[in-house]
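# Close look at the chain arrangement
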Amino acid sequence: MHPSGSSLQGALLNRAWIQWGALGIDATVERDDAVVDPEALIALTAELGDADARLRDLSTDWCVSYGRYINGSRLKQVVRELGAPGDSVGEYVATVASAGGPAWPMATQPRPGYVRRQRARLDSATSRPRLRIRLRAAFGVNARADILAALLAMSPGGLNAADLARSTRFTKPNIATALSALLLAGLIEARSVANERRFVLPPNVLILPRLRPPVPQPDWVDRFKVALEILRFLVHDDMPVTVRAVEARRLVDSLMRRISTAGMPIPDVSATGNEFASAFDRWLVDFIYWLRLPSRG
């Protein structure tokens, strides 16, 4: 693996530890108040796999105990978007099910030797990182909870159904059904803007005690997608400089929308030819440093 690959893998493992710690695994970790996307975190952890067996096993403990707050259909969609290897995810999911946890899609064969330790704790879901768990506990493990999470972070102009499908990673039919239910309950409002309906939280509505907008939320699917695609590139990075420059440019071009919208450092795309290989390496240093910083929405 390219030296930057080891550094990037370390940054991703650190991020995974922080988020699992925020959800309640038994570990001493750095504090970060960013809202966790549990399906994205599971997909990331499954792919990192043997890189940190303790993290893999402790996170499995959490999933066995509290996996009822994970949406299996959304997990499948997030795994597909991240491009996570089916064998790694399948083993992780099968291990959770075989130990008494929920039976999510994609299961293959459980991991040999896993022993449940029962060391995960989730006594309360009121902290900010557990926002999605809290909303699912209150409104069900379905699109309703994630729509409310998205609207808690929204701009005053609201979001349309397509925006919500894109940000929540639920299908459009699921979003439409959930929106109808939330409108019926009076938890959201629909406003006509030009030729579309945009959805907002009513003014001064208190969704749950002490829960009011705005609640910034990073798009962890986008962030992990970029990081994992780069890591997959670096694992096999033994190419000649010319080939490496071409492939690195192709990779960056394919990820640029996500890089921009997630507020990541921007690569120097003005570099051409073989010079882009060096520009890419300089950008990797900045990206890995950024990934280790406390998260912002």
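Residues numbered from 1 in each chain as written. Predicted model: local features only at pLDDT ≥ 70, side-chain atom pairs only at ≥ 80, totals over all residues. Heavy atoms only, no water.

This part covers the overall build of the chain. Scanning the chain from terminus to terminus reveals twelve helices and two strands. Each helix and strand of the chain, ordered N terminal to C terminal, gives the series α-α-α-α-α-α-α-α-α-β-β-α-α-α. Taking 2.2 N^0.38 as the reference for a compact globule, 297 residues should give roughly 19 Å; the C-alpha atoms of the chain span a radius of gyration of 20 Å, in line with that estimate. The principal-axis extent of the C-alpha atoms belonging to the chain is close to 60 × 55 × 30 Å. Summing over all exposed atoms, the chain offers an accessible surface of approximately 13500 Å²; the carbon and sulfur share of this is 51%. (Helix = DSSP H or I, 4+ residues; strand = E, 2+ residues; numbered from the N terminus. Rg over C-alpha atoms; globule rule 2.2 N^0.38 Å. Areas by Shrake-Rupley, 256 points an atom, 1.4 Å probe, with all protein chains shown as cover.)

Attention shifts here to the environment of arginine 197. You can see arginine 197 is positioned in strand β2 (residues 196-200). For the pair arginine 197 and proline 216, spaced 19 residues apart in sequence, the C-alpha to C-alpha distance is 23 Å. With residues near it in sequence (within four places) discarded, arginine 197 still touches Leu159, Asn160, Ala161, Leu183, Ala190 and Arg191. (Contact = heavy atoms within 4.5 Å.)

Quick look at the environment of threonine 168 now. The topology assignment puts threonine 168 in helix α8 (residues 161-168). Along the chain, threonine 168 and isoleucine 147 lie 21 residues apart, while their C-alpha atoms are 6.8 Å from each other. Apart from residues no more than four positions distant in its own chain, threonine 168 is found in contact with Arg74, Asp146, Ile147, Ala150 and Ile175. Looking at threonine 168, its side chain comes within polar contact range of the main-chain nitrogen of phenylalanine 170, at 3.3 Å. (Polar contact = N/O pair within 3.5 Å; in protein donor to acceptor, adjacent residues only side chain to side chain.)

A word on helix α7 (residues 143-152). Of all ten residues making up α7, nine are buried, and the element is well covered by its neighbours. Against α4 (72-82), α6 (131-139), α8, α9 (172-185) and β2 lie the buried residues of α7. At the N-terminal boundary of α7, the capping side chain belongs to asparagine 142, with an oxygen 2.9 Å from the backbone nitrogen of arginine 144. (Buried < 20%, exposed > 50% of the residue type's maximum accessible area, 1.4 Å probe, protein only.)

Of the voids in this model, the largest pocket is the one considered here, and its volume is about 640 Å³. Surrounding the largest pocket, 27 residues form its lining, Ser167, Arg169, Gln217, Asp219 and Asp222 being those nearest its centre. Those elements giving two or more residues to the lining of the largest pocket turn out to be α4, α7, α8, α10 (220-235) and α11 (241-261). Split into classes, the residues belonging to the lining of the largest pocket amount to eight nonpolar, six polar and 13 charged. (1 Å grid on protein atoms, 1.4 Å probe; cavity = no way out; pocket = protein on both sides within 12 Å on 5 of 7 lines; lining within 4 Å. Points joined across faces, edges and corners; volume = space filled by probe spheres on them. Nonpolar A, V, L, I, M, F, W, Y, C, P; charged D, E, K, R; others polar.)

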